[in-house]
Amino acid sequence: MKQVIEIPLIHLLISLLPLLIIGIIFYRWKLDWKNLFYATLRMLSQLLIIGYFLTSIFNQSKIEVTILILLFMLLISSWISLFSIRENRKDNLLNAFISLLFGALPILLLVVIFVIPSMSWYSPSFIIPIAGMVFSNSMNTISLSAERFRKESKDNPYLKAKQIALSAALIPQINSFMAVGLVALPGMMTGQILSGISPLIAVRYQIVVMSMVLGGGG
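Overview of the structure.

What counts, and at which threshold
- Residues numbered from 1 in each chain as written.
- Predicted model: local features only at pLDDT ≥ 70, side-chain atom pairs only at ≥ 80, totals over all residues.
- Heavy atoms only, no water.
- 1 Å grid on protein atoms, 1.4 Å probe; cavity = no way out; pocket = protein on both sides within 12 Å on 5 of 7 lines; lining within 4 Å.
- Points joined across faces, edges and corners; volume = space filled by probe spheres on them.
- Helix = DSSP H or I, 4+ residues; strand = E, 2+ residues; numbered from the N terminus.
- Nonpolar A, V, L, I, M, F, W, Y, C, P; charged D, E, K, R; others polar.

What follows covers empty space enclosed by the protein. Taken as a whole and assessed by the stated rule, the structure comprises one cavity of 30 Å³ or more. In this model, the largest cavity occupies a volume close to 30 Å³. If you trace the largest cavity, you find it lined by Val111, Ile116, Ile130, Met188, Val208, Val209 and Met212. A total of three residues in the lining of the largest cavity trace back to one element, the largest contributor, which is helix α10 (residues 199-217). When grouped by side-chain class, the residues that make up the lining of the largest cavity number seven nonpolar, no polar and no charged.

Time to look at the layout of surface pockets. Within this model, the largest pocket holds a volume of roughly 1,100 Å³. Residue lining of the largest pocket: 27 residues in total, with Gln46, Ile50, Phe72, Ile76 and Ile80 positioned closest to the centre. Ranked by the residues each element gives to the lining of the largest pocket, the list is headed by helix α3 (residues 33-57), at 12 residues. The residue inventory of the lining of the largest pocket, partitioned by class, reads 21 nonpolar, five polar and one charged. In this structure, the second largest pocket occupies an estimated 610 Å³ of space. Lining the second largest pocket are 26 residues, and of these Asn95, Ser99, Ile142, Ser145 and Ala146 sit closest to its centre. Contributing elements (two or more residues each) for the lining of the second largest pocket: α5 (89-115), α6 (124-152), α7 (158-169) and α10. In terms of residue class, the lining of the second largest pocket is made up of 11 nonpolar, 12 polar and three charged.

Such coordinate-based values are descriptive only and should not be taken to indicate function.
See the structure below:
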């Protein structure tokens, strides 16, 4: 078994230097540097908190705990996905939740039950990281499509606006399909290779992730 490379705290701080440079640029160009600072602070605090939280719940394998966590993730994803249409955010929350529930959740269950072999698919340490990938990408797709549909529906009929919105929302995923392996090695594959997994096995997992992300988003 190969040793996992641990990142020392001082090295972690060095990785934040590019954000400091971007913040200085924002400040000098009179852009909203406070929002960048707030987003960075949230990123750091949320990841540190979730790190401790996951450490505690990964020791459990109760399906009730997993269901509650997945529902919480769905609700948060639904709320964040509506940032692009803030004036009607509360009215559309149910629509966003239903979209994730019937769009992303079936894809997640397909993967964890039938695609990736596991004795306990409902184990938090197994299903939560995969759910995070599906829900976050589906959340972004909802956000992009909602914002684009709102604009296009002003000048186009409903069906045409819907077609344009879906096509535009899936551009990031389709572009990643085109670039994967040539321009970029995605995070899932890179992380596995760094941890010592064979690239051929990492490729299989990445194919599952790419299909899962586009399927859930679409």
